[in-house]
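# Breakdown of the fold
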Amino acid sequence: MKKELDEEKDEQGEEGEEDEEEQIEQALDSEEAGVSSVDAKYNLKDYTAEDSAVTIKGVGSVAQFASNEEDPLITEKETGEDSDSDIEDFLIKPTDNLIVAARVEDEFCLLEVHVYNEEEASFYAHHEIMLPSFPLAIEWMDFDPTLEASCNYVAVSYMTPNIDVWDVDLVDTLEPEYSLGAVEEKKKKKKKAALQLNDDGSSHSDAVLDLSWNRTYRHILASASADTTVGLWDLHAGKISTSIRTHSDKVQCLHWHPTEPHSLVSGSFDRSILVHDCRNADELHKSWTVDGEVEKVLWNHFNPYNFLAATDSGTVYSMDIRQEKPLFVLSAHTKTVTGIALSSEVPGLMCTVSVDQIAKIWDIENDKPSFVSEKNFSMGTLYCVKSSPNSPFVFAYGGHSGELKVLDVRENEEVVKRFESRKRIVIDIQTAETDTMVDADESMEVETSDTIEKKKKKKKKKKKKKEKKQEEDEELSS
């Protein structure tokens, strides 16, 4: 009985296994059928096959036309004149004047290069350079200590003691050609970079407020600083060779003489104006006191003895370096005079700008100033004005609104009546010489206390040798 039951279980087990195998086969058949149906539906067999004609519905061929001219959907075709015009705008012509301006927009600080062409009556922005910090002063230079060829550089000073020199011929440049003064040194523990100052006087210790490049001794750059000093930078060495410490407060402005390369005028918050002989600047200087903080100083290139100075009280002074008293004192504006400029060729034509938002034209010929005209550009506070070196009646103005405007002042009838017939004087500032200029070595060694001391020792040695020779001659004669 037991044996029969065992045989019956074996038969049932075999039947169960057969049923399971049939179910698996049926499942596999149904899966294959499903795959084939999906494959047939979506054509998966040819999915990886290359077919350039296959397109996505509603999109079409993305790269169907080689140019816009072949595309029938673009009705306004690009002409050769348009592309040629863009290229022409980017190229700098011999008749173009470049105007470089620093501008702050929200959190961005920019150095903008504009092109002005008087013949074509065109004025547009050419390119811009992103600056790392808030700019305080800019100065064009045609000097690179590593190159013999001419260049197109602009020195920029900031709220920090360092000065960056940028190549404005480069578009989309990210870094300056070189820097002067304090350098950024990143510390491991601190996230922010710290400025490492030189204790040996080879750089400033506070913000640089103004810059002036010496066009005769081209490796010399002068800087006015909030640390109360004037620095004379030797661009070959990349450091201050002479530090002038004659002011008692922040030095706001300075300007090299256009024809006498040793003479430098500077103005300060201490209400003083100083003219330095930079061969021995601390000892050889002359000073004047004015009615307010000195905002701008400018040599009169029509007269080598005269310079102009503007103050925060709205006054403009004309000084003669041979006299103690000013030639004239002009109440030019009701608020701070922020800029003064003289025509490049028309004697007596002076322009002033102010915090009062007004630009004025004056006639200062024969040291008798008279008002000619004024204009409100609706740019807010006017910060600066510069005259064109090639067009005697063209001036560029910068204001608080961030705009830069170029104006031919002959649009005013009074200006035409007063100056149009006046004799023009063309002065080549870079090559001009005067009888008072002192002969000097082309390298212009900027004198420090060390060099002055060395010269004194040399003179003493020469004197001793001369005295010794005289004694010997006397002994021989006796």
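Residues numbered from 1 in each chain as written. Predicted model: local features only at pLDDT ≥ 70, side-chain atom pairs only at ≥ 80, totals over all residues. Heavy atoms only, no water.

## Observations regarding the nonpolar core
Counting 19 residues, the largest nonpolar core has I361, F395, Y397, V409 and F419 as the members making the most contacts within it. Elements that contribute at least two residues to this core include exactly β23 (349-354), β24 (358-363), β26 (382-387), β27 (394-399) and α3 (413-419). The dominant element in this core, judged by the number of residues it contributes, is β23, at three residues. Ignoring anything within four residues of it in the chain, the contact list for F419 reads V346, G348, L349, I361, W362, D363, V372 and F393. (Core = buried A, V, L, I, M, F, W, Y, C linked by side-chain atoms within 4.5 Å. Buried < 20%, exposed > 50% of the residue type's maximum accessible area, 1.4 Å probe, protein only. Helix = DSSP H or I, 4+ residues; strand = E, 2+ residues; numbered from the N terminus. Contact = heavy atoms within 4.5 Å.)

## Here's the deal with the confidence of the model for the protein
Predicted confidence across the protein gives a mean pLDDT of 81, with 67% of residues reaching 70 or more. Of the regions scoring below 50 in pLDDT, residues 185-197 engages in 20 contacts with residues more than four places distant in sequence or in other chains. This stretch, residues 431-452, has a pLDDT under 50; its non-local contacts, to residues over four places away or in other chains, come to 39 contacts. (pLDDT = per-residue confidence, 0-100.)

## Thoughts on the sheet that holds β23
The four strands lie next to each other as β22-β23-β24-β25, forming an open sheet whose pairing is antiparallel. At either end of the open sheet lies a strand with only one pairing partner, and these are β22 (337-342) and β25 (370-376). Sheet twist, expressed as the average angle between the axes of neighbouring strands with direction ignored, equals 20°. The pairing of β23 with β24 spans five bridges and is classified as antiparallel. The partner of T352 across the bridge, within β24, is K360. (Pairing = 2+ DSSP bridges. Axes fitted to C-alpha atoms, helices over the stretch in contact; angles between N-to-C directions.)

## Points about the environment of T216
With respect to the helices, strands and loops of the structure, T216 is situated in the loop between β10 (208-213) and β11 (220-225). In this structure T216 comes out as partly exposed when scored by relative accessible area, which is 29%. For the pair formed by T216 and W256, sequence separation is 40 residues and the distance between their alpha carbons is 9.8 Å.

## Let's talk about the sheet that holds strand β19 (residues 306-311)
The four strands lie next to each other as β18-β19-β20-β21, forming an open sheet whose pairing is antiparallel. Each edge of the sheet is formed by a strand with only one pairing partner; in this case those strands are β18 (294-299) and β21 (328-331). The sheet shows a mean angle of 20° between the axes of neighbouring strands, taken without regard to direction. When β19 meets strand β20 (residues 315-320), the two strands line up antiparallel, connected through five bridges. Across the sheet, N306 pairs through a bridge with D320, a residue of β20.

## Regarding the environment of N376
Tracing the backbone through its elements, the reader meets N376 in strand β25. The class for N376 is partly exposed, based on a relative accessible area of 41%. Sequence separation of N376 and V353 is 23 residues, and the distance between their C-alpha atoms is 9.9 Å. Those residues in contact with N376, other than ones at most four positions away along the chain, are Q357 and I358.

## Quick look at unusual backbone geometry
In the Ramachandran plot, A121 falls in the positive-phi region, its phi being about 55° despite a non-glycine side chain. Tracing the backbone shows A121 in the loop between β2 (108-117) and β3 (122-131). Phi at D172 is positive, roughly 65°, even though this residue is not glycine. Looking at the element boundaries, D172 is found in the loop between β6 (163-167) and β7 (178-180).

## Here's the deal with the side chain of T381
Residue placement: T381 occurs in the loop between β25 and β26. Once residues lying within four places of it in the same chain are set aside, the contact partners of T381 are S354, V355, Q357, G398, G399 and H400.

## As for the pairing of β23
Extensive coverage of β23 is indicated by the burial of six of its six residues. Burial along β23 is two-sided: L349, C351 and V353 facing one way and M350, T352 and S354 facing the other are all buried. As paired elements, β22 and β23 share five bridges and run antiparallel to each other. Among the inter-strand pairings, V337 is bridged to a residue of β23, identified as S354.

## Thoughts on the pairing of β20
Here β20 lies mainly inside the structure; six of its six residues are buried. Neither face of β20 is exposed, since T315, Y317 and M319 on one face and V316, S318 and D320 on the opposite face are all buried. Relative to β21, β20 runs antiparallel, the two being bridged by four bridges. Across the sheet, the residue bridging to S318 is F328, located in β21.

## Digging into the pattern of salt bridges
In the structure shown here, the tally under the stated rule is 15 salt bridges. The shortest N-O distance in the salt bridge between E324 and K286 comes to 3.8 Å. Of the two residues, E324 is situated in the loop between β20 and β21 and K286 in strand β17 (residues 285-289); the sequence distance between them amounts to 38 residues. What you see here is one network of salt bridges that share partners, running through D363, E365, R418 and R422. (Salt bridge = Lys/Arg side-chain N within 4 Å of Asp/Glu carboxyl O.)

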